[in-house]
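What follows is the residue order along each chain.
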Amino acid sequence: MMGFFKAIAVMSAVMFSQLVAADLVIEVTDWVKDPTKIAIVPFRHEGVAIDQDMAAVVAADLTRSGQFEALSRDAMYSSPSKANEVHYRDWRALGVDYLLIGHSQATNKSVTVEYELFDVHRQKSLIKSRVGNRKGSERAVAHKVSDSVYQRLTGIAGAFSTRMLYVSVKTFPAKNKNTPKQAYQLILADADGARAREILKSSEPILSPSWSPDGKQIAYVSFESSRPAIYRQVIATGEREKLTNFRGLNSAPSWSPDGKRLAMVLSKDGNPELYVMEVATRKLQRITKNSAIDTEPSWMPDGKSLIFTSDRGGRPQIYRVDLSSGATKRITYTGAYNAKASLMADGKSMVMVHRDDSGYHIAWQELATGRLIILTSSSLDESPSLSPNGSMLLYATKYQGRGVLAAVSLDGGVRFRLPSPSSDVREPAWSPN
């Protein structure tokens, strides 16, 4: 059940690409105690009209992080766009710690923002910078500003400019007592759920989207002929190719840190086992040989070993296997069910699906000590995916009877949901950059 047994599902898909009308909806549910108060003044604009309120995008980004509380525009005494227009006394009176101002310019080909961040109490400028992109990329420009402000004030790299993949599922009423029909889409969107577009469309389930480490390619499983197969696709062009077409199971692709290999699960030799493929040559190396089900591989940062889920001990647990020697070691012992693990960037800890008496949760575990912390409180959580800055993770869960995406900070203090107004959503994969 859950992520462990999804490896045996059969997939079917048809290539399709279009804009998706219904974006995910952001619902922040938990903030840190005493979030930092920041005022983000509407940017003064010059030139060709633009479709986005970029200051509002920045405010939404910082608010979603749970670390900041943005001052309402209605409460602002003024709208400065230059340093000499800033009156610190007014902003101190409003209880603001930091102030962000800026002005944008646009032509038919490009858009730029010049922005400045101030420490209100110390009355000094912290950042003065400029960022630009092609016309129509206003949200991307705003996310860059958010990343800059977030890193300056928290010391952690921002992840607002990143993207995510997820699967959207729509169910249509059955006709003449037949089984209800479902439509599946693999969606690519900004980290805030905006600018969603369809990568893949199918009348059958889609599983296991995975990013290459440079963020330019993805891998996923599709069934377009008579058996499931693993595909590779280039994001920018839509070019795709079939990498496996073996009899039986072809599932759970996972890119190596250097982007040259894919770990995967194949049952071509009878039992679900781990394999590693050299993408350029299609050469396969069999990694495991066991009568149990081995699935859900994920790479250690050095690219020399994998962690994976196996029931070889009787129930699903996380194991580590050395690629050169084949030496295998169990690394989870707390609880009767641990699955779908992903390593932190430093390789010292991981996140995974952990079951206790209250259900399936997302948990963090330190590898050296086995210390485990449960991060979520809902009962049907699965498919954890880490942000590239290591501060947050996305996961799939149930809320009010529907599949939704949710996010939680690694300290458990910040949480938000991303439900879709028109479908169930699942299988999130956060981009590496």
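About the cut-offs
Residues numbered from 1 in each chain as written. Predicted model: local features only at pLDDT ≥ 70, side-chain atom pairs only at ≥ 80, totals over all residues. Heavy atoms only, no water. Helix = DSSP H or I, 4+ residues; strand = E, 2+ residues; numbered from the N terminus. Contact = heavy atoms within 4.5 Å. Polar contact = N/O pair within 3.5 Å; in protein donor to acceptor, adjacent residues only side chain to side chain. Expected span 1.5 Å × (residues − 1). Buried < 20%, exposed > 50% of the residue type's maximum accessible area, 1.4 Å probe, protein only. Pairing = 2+ DSSP bridges. Axes fitted to C-alpha atoms, helices over the stretch in contact; angles between N-to-C directions.

S.K.: What is the right way to look at the environment of Arg415 in this model?
M.R.: Within the secondary structure, Arg415 is located in strand β31 (residues 415–418). The sequence separation of Arg415 and Gln400 amounts to 15 residues, and the corresponding C-alpha distance is 17 Å. Other than its neighbours up to four places away in sequence, Arg415 contacts Val28, Thr29, Asp30, Leu375, Thr376, Ala407 and Val408. Of the polar contacts made by the side chain of Arg415, one reaches the backbone oxygen of Leu375; its length is 2.8 Å.

S.K.: Could you clarify how one ought to interpret the environment of Ser81 in this entry?
M.R.: Looking at the element boundaries, Ser81 is found in the loop between β5 (68–70) and α3 (88–93). Taking the C-alpha atoms as reference, Ser81 lies 6.3 Å from Arg44; in sequence the two are 37 residues apart. With residues up to four places along the chain from it excluded, the contact list for Ser81 reads Arg44, Ile101, Gly102 and His103. A polar contact of 3.0 Å, which involves the side chain of Ser81, links it to the side chain of Arg44.

S.K.: Help me understand helix α4 (residues 138–154) in this model?
M.R.: Every α-helical turn comprises 3.6 residues, leaving residues that sit three or four positions apart pointing alike. Here α4 is 17 residues long and its end C-alpha atoms lie 24 Å apart, about the 24 Å a rise of 1.5 Å per residue gives. Of the positions making up α4, those classed as buried are Glu138, Arg139, Ala140, Val141, Ala142, His143, Val145, Ser146, Asp147, Val149 and Tyr150. Of the residues one or two after α4, Gly155 is the one with positive phi, at around 80°.

S.K.: Explain the sheet that holds strand β21 (residues 305–310) here, please?
M.R.: Two modes of strand pairing occur in sheets, parallel and antiparallel, and in both the strands are linked by backbone hydrogen bonds. Pairing is antiparallel in the open sheet, where four strands are placed in the order β20-β21-β22-β23. Looking at strand neighbours, the two that pair on one side only are β20 (294–299) and β23 (328–330), the edges of this open sheet. Here the average twist between neighbouring strands, direction ignored, is 30°. Across four bridges, β20 lies against β21 in antiparallel orientation. By the bridge assignment, Thr295 is partnered in β21 with Thr309.

S.K.: What's the story with the side chain of Thr376 in this structure? I'm lost.
M.R.: Assignment of secondary structure puts Thr376 in the loop between β27 (372–374) and β28 (382–386). Side chain to side chain, Thr376 and Asp381 meet in a polar contact 2.6 Å long. Setting aside residues up to four positions removed in sequence, Thr376 forms contacts with His361, Ile362, Asp381, Tyr395, Val408 and Arg415.

S.K.: I would appreciate a short explanation of the pairing of strand β26 (residues 359–366) in the present structure.
M.R.: Consecutive side chains of a regular strand alternate in pointing toward one face of the sheet and then the other. Here β26 lies mainly inside the structure; seven of its eight residues are buried. As defined by bridge partners, strand β25 (residues 349–356) adjoins β26 across eight bridges and the pair is classed as antiparallel. The residue of β26 that forms the bridge with Val351 is Trp364. Turn length for the β25-β26 hairpin, with the two strands adjacent in sequence and antiparallel, is two residues. Bridge count between β26 and β27: three bridges; the pairing is antiparallel.

S.K.: Can you walk me through the sheet that holds strand β17 (residues 261–266) in this structure?
M.R.: Spatially, four strands are ordered β16-β17-β18-β19 in an open sheet, and the strand pairing comes out antiparallel. Two strands lie at the open edges of the sheet, namely β16 (250–255) and β19 (284–286), each paired on one side alone. Adjacent strand axes in the sheet meet at a mean angle of 25° when their direction is disregarded. Judged from the three bridges that link them, strand β18 (residues 273–278) and β19 form a sheet pairing that is antiparallel. Counterpart to Met277 in the pairing with β19 is Leu284.

Limitation: the analysis is restricted to geometry and does not speak to function.
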